[in-house]
Structures are given as C-alpha cells and as structure tokens.
Amino acid sequence: MSASEAAYRRGDFVTARAELEKLVPTGDAQVLYRLAFMMVNGKGGAQDIPGAAALLKQSAQKGNVDAQTMLGQFYLRGAGVARNLPEAARLFQLAAEKGAPQAQFFIGKMYHEGVGVPADPVKGLTWLQASARQGVAEAMFELARMFGKGDGVTADEAESLRWLEQAADAGLPLAQFTLAQNFSRGGAVERNDDKALALYRKAAEAGYVPAQSALGALYFAGEGGLAKDTGEAFVWFTRAAEGGDANAQTNLAYMYATGTGVARDEAIAAKLYNQAAEAGLPRAQAAFAVMLSEGRGVAKNPAAAEQWYILAARGGLEAARKRLGELYADGTYEATDRAAVVPWVHEAALAGDETAVKWLETANADGVLAARGRLADVIAKGTADAAPDPAQALELFRDGAEKGDPYCQLQLGLLYARGEGVEQDYVQAHKWVNLSAADGNAEAVRSRDLFASLMTPEQVSEAQRLAREWNAAHLAEAQ
C-alpha cells in the first residue's frame, strides 16, 4: 500500500494502480476501495465503472464507509449496477451511522424527498444538519434551500441565509453564485455590488458556467460596479459558451455579429446562435431566424427561418410574435392555417402595423372566427387611421362569443364584469368566462373563480345553468 501511495503522490498513477492490483488478493477493504476509486476516475488506466462496482461491493461488505458511500451513489444513479434506490439508501445509512459526512448528505436527501425510503422530514433534516456540521457544502446549500422555501421545515429567511453563506464560504460555486444573485438584487440581504462581484468571480474562476455567463454580462453592460469592458466580457462569454450556456452563446454571437469587442464574423455568430437556438433559448431562435432570413453567415433559408420564429414565438418572445405577425400579414410567409397565426398578426396590429389590421379584416370577412375577437380588440383600442369604436368591438365580441370563439367569450365576459358597453352583470360575466375556460384558457379560469367569489351561490348556479343551456343549444346547432 505504501508503494502505491508514494507513486500516487508523485503523480505516477500507472504505478499506483499496478501496485494496488497486486494487493487485491489480500482482500484488504481499503485496497479494494482505492483501486475502485482509480478505476472510476480513469487514473493509471482505462475507466472501468462495472469493474469498480465489483470491487466496491467487496469493500463495502467489509465495512469500508468510503466504499459504502461510493457504491450507494452507483446504485442511486444506476452506474455500473442496476439502479436500486432501496439498496442505495441501505448503504448510505450504514456509512452515515459511522459518521461518513457524504453518506449523511445522501441519506438526508433521500429521507427528505422520500426516495428509496419512506419520506421522513425529521430524519432528513437531522442527517442533513449532521452532514453540514461536518463541512459538506452541498448539505449546507440544501438546508439553505429548505429554510428559504419552507420545504419540510418552517420557513426562516435568516436561517436560510446563514446556511447559504456557510456553503459559499466552504467553496461551493452554486452557493457563491446564488449568494451573489442575492447581493445583486438586495432583499434578503442589503444590496452590495462589491460582494456580489467577488462571489460571481469566485464561482466563475472555479468553472461554474452560469457565473461565467453572469460575469460576462456585467462586464458587457458595465453594471455591478464594473466599468464596461467588452474584452473581459468576451473572455467570460467564451468560457461560458464553451460550457454550453445558451445565454452566453447568444451574447457572444451578438458580439461577433456586430463586431463589438471582436472582429466581426457572421459565420461564427450564426453558429453560436444556432447552438443556443437548439438549446431552446427564444431570443437565440429569433436571432438565428434573422440570420437565415437574410443569409448572414449561413445560407439563406426562409422556410427554416419561419420555423425558428415560430419556436421563439411559442417560447414567449414578444418580438418574435410581432415579427411573425408582420411576415404573415405582408405575405412573406404563407399562412396555410390562418386561425393558427391570428394571435401573432393581432400583436403586429396592436403595435401599429396597418397591413396586419387589414389582414385581420380580410380574415374576419372570410369567416375565420379566430380573427373576429382579435379584430374587435384592435377596433376597441383604435388604430392610426381610426378612433376607438367600443360599440363595434362589442358587436364583434358578442357575435364571436355566440359562435363559440373562446377569446370572444372571455372578452365579452370581462366587459360584463366591468360594465363596459353593457350593464354590469356578474351572472353573464361568469357564464361567458366559464365557457371560455372550458377551452383551457388560464385567464378565463382565474376570472371565473374571481367572479364566483363576488357572487351569491344562487347567482353562480344561474350562471352555470345559462352556460349549460348555451352548450346544449350550440351542440344542437353543430349537429
């Protein structure tokens, strides 16, 4: 064993591993564990997870707590062995009872979450606290999270902050990053840009990708007490982008696309936007759509651009929704299903695009029911060429609601609730939003519940009766 340890200390992992392999027949638990550790990490030879698992089983059976803890992690993740949560919990429990801090952390998490063992918040808290007291930063962070959210414990902001600070001091990058965010925003702690910056930098230098991205953003914007420095921003965005951070990839793409702090290179920009877009970042999807539309840094491809715009719009990016509306309204993209693109054209119309207004008018005239309520909304608010006309809007909302359009039903219900253009009537308001809610509209569900809280039980019953009658009549018409 001493020969192996000496070789390991001088970085000669091949010799260290060979010396341990010679000692395997002795069955020494520590030898088995140390060799398994080297096999897991690929030190001194090829990585061999199944082989390591076999050695760990022998060592764990002999009571080696390090082996029990590592083997427990194998069973927890299904690495080298079939995933077996109860067996993972058994091994962690054995090691935890002998004082192994990492095992205490894992069994604490399992009791807290009810994974592999019956949920037991008290046992979970007890083991996590024991682990944290032995210096396990991950346990400290978990306690900070639990006290912050009141998860299994009474919420306690001060206790949460205490554990978070301890986890950060113990060098956990995630804790440093989280505490930095707290100092940046203020609230639980007094805002302190200097402390936030120091923590972001520690986490970033430790290789924590979100911190690298955040630090790059601070340098790029000249915020958080930093002078604007595109050179430093480029360095940190590059590190984070290489680590797969979609925001950093997008910010770095912008720098290349505009030549900000780096020589302009649209091909690199397009590649980075594409990477972030594939990761699901809406603003990257929209930016990549622009590159594809204009053939900048990538072959021009309007069809692909349309699909990326759609993904960005569905991801909630308002600019993408508006741009899509403009492109469908002016005929750049063909709307094979006009009802599906109505919401986007509506947003373009509300932003003042007269072509989009005319598109809604045409669609409504052609009998596209989904366009009726959106056109009504534009008319109610007015355009550059026409003053608001609430009366005409009400007529369109009512017609669309009677014909079964959920958007019109919601808007008509809201008008009844506010008494705008009609006499205030919560029974009618409840009826119409209830019908809209049947389509899954979240705003309609919230409105229905709010209106019900303002009504008597008899009024709610009446509104529900009217909704049932409308449904029956509408179903009869459809047949």
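Going by the structure above, here's the rest.
Asks: I keep staring at the overall build of the protein chain and nothing clicks. Help me out?
Replies: In terms of helices and strands, the protein chain carries 27 helices and zero strands. For 479 residues, the compact-globule estimate of 2.2 N^0.38 gives 23 Å, and the protein chain exceeds it by more than 25% at 31 Å. When its C-alpha atoms are laid out on the principal axes, the protein chain stretches across 90 × 65 × 50 Å. The buried share of the protein chain, reckoned over its 479 residues, is 45%. Considering only intrachain contacts with a sequence separation of at least 6, the fraction spanning at least 24 residues in the protein chain is 43%. Working note: accessible area of the protein chain is about 22900 Å², and carbon and sulfur atoms make up 50% of it. Here the protein chain carries 47 positive and 60 negative side-chain charges, and the mean point of each set is 7 Å from the other.

Asks: What should I look at first to understand the packing of aromatic side chains in this one?
Replies: Aromatic ring pairs are reported here in terms of the distance separating the ring centres and the angle at which the planes meet. Going through the model one piece at a time under the given rule, you end up with 14 aromatic pairs. Centroid distance F234 to Y256: 5.9 Å. Interplanar angle 75 degrees. Geometry classified as edge-to-face. Linking F234 in helix α14 (residues 230–242) with Y256 in helix α15 (residues 246–258), this pair joins segments that are 22 residues apart in sequence. On the basis of relative accessible area, Y256 is assigned to the buried category, the value being 13%. With 5.8 Å between their ring centres and 55 degrees between their planes, Y426 and F451 make a pair best called tilted. Taken together, the residues span a long stretch of sequence, with Y426 in helix α25 (residues 426–437) and F451 in helix α26 (residues 442–453) at a distance of 25 residues.

Calculation criteria
- Residues numbered from 1 in each chain as written.
- Predicted model: local features only at pLDDT ≥ 70, side-chain atom pairs only at ≥ 80, totals over all residues.
- Heavy atoms only, no water.
- Helix = DSSP H or I, 4+ residues; strand = E, 2+ residues; numbered from the N terminus.
- Rg over C-alpha atoms; globule rule 2.2 N^0.38 Å.
- Buried < 20%, exposed > 50% of the residue type's maximum accessible area, 1.4 Å probe, protein only.
- Contact = heavy atoms within 4.5 Å.
- Areas by Shrake-Rupley, 256 points an atom, 1.4 Å probe, with all protein chains shown as cover.
- Lys, Arg positive; Asp, Glu negative; His and termini not counted.
- Charge placed at Lys NZ, Arg CZ, Asp CG, Glu CD.
- Phe/Tyr/Trp six-rings, centres within 6.5 Å; stacked < 30°, edge-to-face > 60°.

Such coordinate-based values are descriptive only and should not be taken to indicate function.
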